[in-house]
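Structural description and commentary
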Amino acid sequence: MASIYELTSEFQLIWNLMEEGNIEEETLKEVLQCTREELEIKLENYCKFLKNIDSDIAGLDGEIKRLQARKKTLQNTKEAAKDQELSADVVIVGGGGAGISAAIAAAQNGAKVVLLEKMGVIGGTTATSQGMVGAYESKKTKEMDVHHTFEEMYANLMNNASYRLDPALTMITVEKSGETIDYLHERMGMEFDDTIWTYYGNLQMMHVVTGAGPAMKTAMEATLANTTIDLQLNTRATEILMNADGSVKGVKAERGNDTVYVYADSVVVATGGYAYNPEMTVRLDPEKRGTMGIGHVASTGEGIMMASNVGAALTHLQDMMCVLKDYEIMAFHNGNSTTANVSSFISRDNTVLLGKNGKRFCDEKDIGYMTQALNQPIFDQMHRDELGYVWAISDVASLEAKKVVRGLGMEFITADTFEELAQKMELPVETVVETLTNYNSYVAAGHDPEFGRLLLAELTAPYAAVKVMPCEIITYGGIARNTEAEVIRADGTVIPGLYTAGEASANSAYMGFTITNAFVWGRIAGTNAAAFAASK
């Protein structure tokens with residue numbers, strides 16, 4: 001008897017949307033990344049699939065009828081498609097923190113602005129964040145007599161990112177961080193907690209918006225309502241339009257059945273990253289093959305692809321934040337960042353990682369900042385094994401001491417001996433026994449001759465194991481830009497009228513400064529896009 005977990009990943013997405021009562025055409029097209037014609041085919045195939053399986057899921061007949069009705073509606077309205085034309089000085093693509101701040105900056109500088117957002121609401125990743133904005137020398141820190149130097153802030157950020165950021169762009173992010181806090185409070189009406197927190201290092205720099213991401217979204221909505229910006233929701237940009245001389249002339253987009261053309265002298269791409277599009281991730285960086293996306297549902301990378309298609313260089317594509325998650329929950333139980341969380345398992349002092357040959361393959365405690373150094377050796381081992389996971393091993397006592405439980409009420413694999421554990425994991429028994437026995441001997445000796453691991457703690461029976469995999473949550477690569485937020489080609493020349501900001505070009509941000517980066521560069525891009533349009 002088939003269950004929901006036996007559906008293909010695409011059918012699983014459709015099922016989840018139906019369960020939520022969300023069967024709007026635009027939502028289905030957005031999540032499934034398809035045209036309306038392709039959507040008709042997908043819904044028809046899904047109906048056939050449900051008819052042909054035995055299922056114990058209540059309401060299946062009603063599910064089929066709803067889908068058939070939806071398909072009929074799509075077919076009946078197909079001929080109603082029409083073109084719409086809009087004109088502006090500046091068109092902004094993406095309504096998150098970067099896009100909103102770019103639109104406001106452009107409008108403040110006299111530009112007529114159209115803002116396109118593919119979702120039904122604004123906010124993007126900013127609206128789901130913890131509201132943490134890293135900064136120094138804001139009016140708030142000055143009032144509280146909390147001071148740091150630029151050098152301290154820059155070094156902290158670059159060190160966290162292992163110095164993989166663009167130095168010139170990162171300097172601007174840091175330099176303008178304090179005034180950005182003032183802007184968010186004074187221009188957008190965001191309130192901040194009374195405390196300046198110490199996070200992402202040892203500097204007291206973290207300004208936290210009271211009410212976190214949802215409060216930021218509310219403030220941005222209220223700010224937009226008091227401007228002349230033409231906000232177009234449910235409008236998905238598909239192409240950057242170009243003039244014969246290589247400058248931009250606007251954006252082509254889709255809204256429902258309609259094609260929307262927005263003609264403008266400047267375009268700002270602020271569509272976010274691609275941490276919900278693992279196919280794009282692997283296309284840009286094959287070393288990340290096997291990852292799954294747990295980023296914002298709108299982070300699918302269209303803006304980056306559109307810019308690339310008109311000649312933009314792409315940069316830092318190997319840089320992203322991946323977090324280890326429970327493979328089985330992610331792959332077979334529609335997992336998410338919360339239900340598949342294994343961070344407390346991985347952080348046990350005695351955790352060991354094994355490949356399918358039953359051997360260790362790295363220093364499991366050389367984790368880097370927020371475990372990021374573990375990702376590459378795990379990806380490498382996954383590729384050697386041709387599997388989507390590696391094994392993590394600890395023991396029941398260590399897990400119980402920290403109240404570590406598996407998501408969705410599931411249980412970790414447990415065993416009283418190394419032999420039994422290997423059998424349950426379906427790994428070579430003799431090799432696993434030798435590997436784990438050797439590891440415990442290294443603990444007793446205080447030295448790991450294989451990988452030089454310094455933090456060692458004994459594994460004691462009963463033992464516990466779980467399959468883990470790196471899942472992408474934030475991408476730090478994207479569209480190449482200069483210090484004016486102008487998009488550049490591989491030869492360093494500017495694409496006239498094309499600008500970018502935020503996670504679509506995040507090579508100037510890292511943990512603690514992701515939101516800072518969005519607003520800093522959104523304002524720069526919007527201001528310069530307006531100036532370029534005015535010069536035409």
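All of these numbers come straight from a predicted model, not from anything done at the bench.

A word on the packing of helix α10 (residues 177-186) against helix α20 (residues 514-535)
Where α10 contacts α20, the two axes come as close as 10 Å, and the packing angle between them is 85°. When the axes of α10 and α20 are compared, the pair comes out roughly perpendicular. Residues Ser177, Glu179, Thr180, Tyr183 and Leu184 of α10 lie in contact with α20, whose contacting residues are Thr516, Phe519, Val520 and Arg523.

Some points on the confidence of the model for the chain
In the predicted model, the chain carries a mean pLDDT of 90, and 85% of its residues have values of at least 70. Taken as a whole, residues 1-9 scores under 50 in pLDDT and shows 18 contacts with residues more than four places along the chain or in a different chain. Note that pLDDT drops below 50 for residues 52-59; the model gives that stretch 11 contacts with residues more than four away or on any other chain.

Some remarks on the sheet that holds strand β5 (residues 197-198)
The strand order β4-β6-β5 describes an open sheet built from 3 strands, whose pairing is antiparallel. Two strands bound the open sheet, and with one partner strand each, they are β4 (132-134) and β5. Note that β5 and strand β6 (residues 204-208) share 2 bridges and pair antiparallel. Directly across from tryptophan 197, in β6, lies its bridge partner methionine 206.

Considering helix α5 (residues 97-108)
An ideal rise of 1.5 Å per residue puts 16 Å on 12 residues; α5 measures up with 16 Å between its terminal C-alpha atoms. Within α5, 10 of the 12 residues are buried, leaving the element largely enclosed by the surrounding structure. All buried positions along α5 are accounted for by Gly97, Ala98, Gly99, Ile100, Ser101, Ala102, Ala103, Ile104, Ala105 and Ala106. Just downstream of α5, glycine 110 is the residue with a positive phi angle, here 90°.

Looking at the pattern of salt bridges
Using the criterion set out here, one finds 16 salt bridges in the structure. Linking arginine 523 and glutamate 179 is a salt bridge whose minimum nitrogen-to-oxygen distance equals 3.9 Å. On the criterion of sequence distance, the pair formed by arginine 523 in helix α20 and glutamate 179 in helix α10 is long-range, its members being 344 residues apart. By relative accessible area, which is 24% here, arginine 523 ends up partly exposed.

Comments concerning the pairing of β6
Of all 5 residues making up β6, 4 are buried, and the element is well covered by its neighbours. Here β4 pairs with β6 via 3 bridges, running antiparallel. Within β6, the position partnered with valine 133 by the bridge is histidine 207. What sits between β5 and β6 in their antiparallel hairpin is a turn of 5 residues, with tyrosine 200 showing a positive phi close to 55°.

Looking at the sheet that holds strand β10 (residues 258-263)
If you walk across this open sheet you meet the 4 strands as β1-β10-β9-β8, and the pairing is mixed. With partners counted over all chains shown, the strands left at the sheet margins are β1 (83-87) and β8 (236-242), one partner each. In this sheet, adjacent strand axes meet at a mean angle of 20° when their direction is disregarded. In the sheet, β8 pairs with strand β9 (residues 248-255) via 6 bridges, with the strands oriented antiparallel.

Some words on unusual backbone geometry
In this structure, proline 462 follows alanine 461 across a cis peptide bond, with omega equal to -5°. Structurally, proline 462 can be placed in the loop between α19 (429-445) and β18 (463-475). The backbone of tyrosine 200 shows a phi angle near 55°, a positive value even though the residue is not glycine. Looking at where tyrosine 200 falls in the secondary structure, it is placed in the loop between β5 and β6. Even without a glycine there, the phi angle at glutamate 386 is positive, about 55°. Along the chain, glutamate 386 turns up in the loop between α16 (372-385) and β16 (390-395). Taking relative accessible area as the criterion, glutamate 386 reaches 70% and is therefore assigned exposed.

Things to note about the side chain of aspartate 326
Mapping aspartate 326 onto the fold places it in strand β14 (residues 320-326). For aspartate 326, a relative accessible area of 1% gives the class buried. Side-chain polar atoms of aspartate 326 contact the backbone nitrogen of glutamate 328, separated by 3.1 Å. Ignoring anything within four residues of it in the chain, the contact list for aspartate 326 reads Ala340, Val342, Arg406, Val466 and Lys467.

Focus: the pairing of β9
The hairpin turn running from β8 into β9, its antiparallel successor, is 5 residues long, and glycine 246 in that turn takes a positive phi close to 90°. With antiparallel pairing between neighbouring strands as the criterion, β9 and β10 make up a hairpin whose turn holds 2 residues, including glycine 256 at a positive phi of roughly 60°.

Notes on the environment of methionine 280
Assignment of secondary structure puts methionine 280 in helix α12 (residues 278-284). Judged by its relative accessible area of 2%, methionine 280 is buried. Counting along the chain gives 20 residues from methionine 280 to threonine 300, while the straight-line C-alpha distance between them is 8.0 Å. Beyond its immediate stretch of four places on either side in the chain, methionine 280 contacts Tyr274, Thr300, Gly301, Ile304 and Met305.

Brief notes about the packing of aromatic side chains
Following the criterion strictly, the structure yields 9 aromatic pairs and no others. For the ring pair tryptophan 197 and tyrosine 199, a centre distance of 6.2 Å and an interplane angle of 20° mean the geometry is stacked. For tryptophan 197, a relative accessible area of 34% puts it in the partly exposed group. We classify tyrosine 199 as partly exposed; its relative accessible area is 33%. By the ring-pair criterion, three or more aromatic residues cluster together here, those being Tyr327, Phe332, Tyr389 and Trp391. Between arginine 481 and the ring centre of tryptophan 521, over which it is positioned, the NZ or CZ distance is 4.1 Å.

The rules we used
Residues numbered from 1 in each chain as written. Predicted model: local features only at pLDDT ≥ 70, side-chain atom pairs only at ≥ 80, totals over all residues. Heavy atoms only, no water. Axes fitted to C-alpha atoms, helices over the stretch in contact; angles between N-to-C directions. Helix = DSSP H or I, 4+ residues; strand = E, 2+ residues; numbered from the N terminus. Parallel < 35°, antiparallel > 145°, perpendicular 65-115°, else oblique. Contact = heavy atoms within 4.5 Å. pLDDT = per-residue confidence, 0-100. Pairing = 2+ DSSP bridges. Expected span 1.5 Å × (residues − 1). Buried < 20%, exposed > 50% of the residue type's maximum accessible area, 1.4 Å probe, protein only. Salt bridge = Lys/Arg side-chain N within 4 Å of Asp/Glu carboxyl O. Polar contact = N/O pair within 3.5 Å; in protein donor to acceptor, adjacent residues only side chain to side chain. Phe/Tyr/Trp six-rings, centres within 6.5 Å; stacked < 30°, edge-to-face > 60°. Lys NZ or Arg CZ within 6 Å of the ring centre and 35° of its normal.

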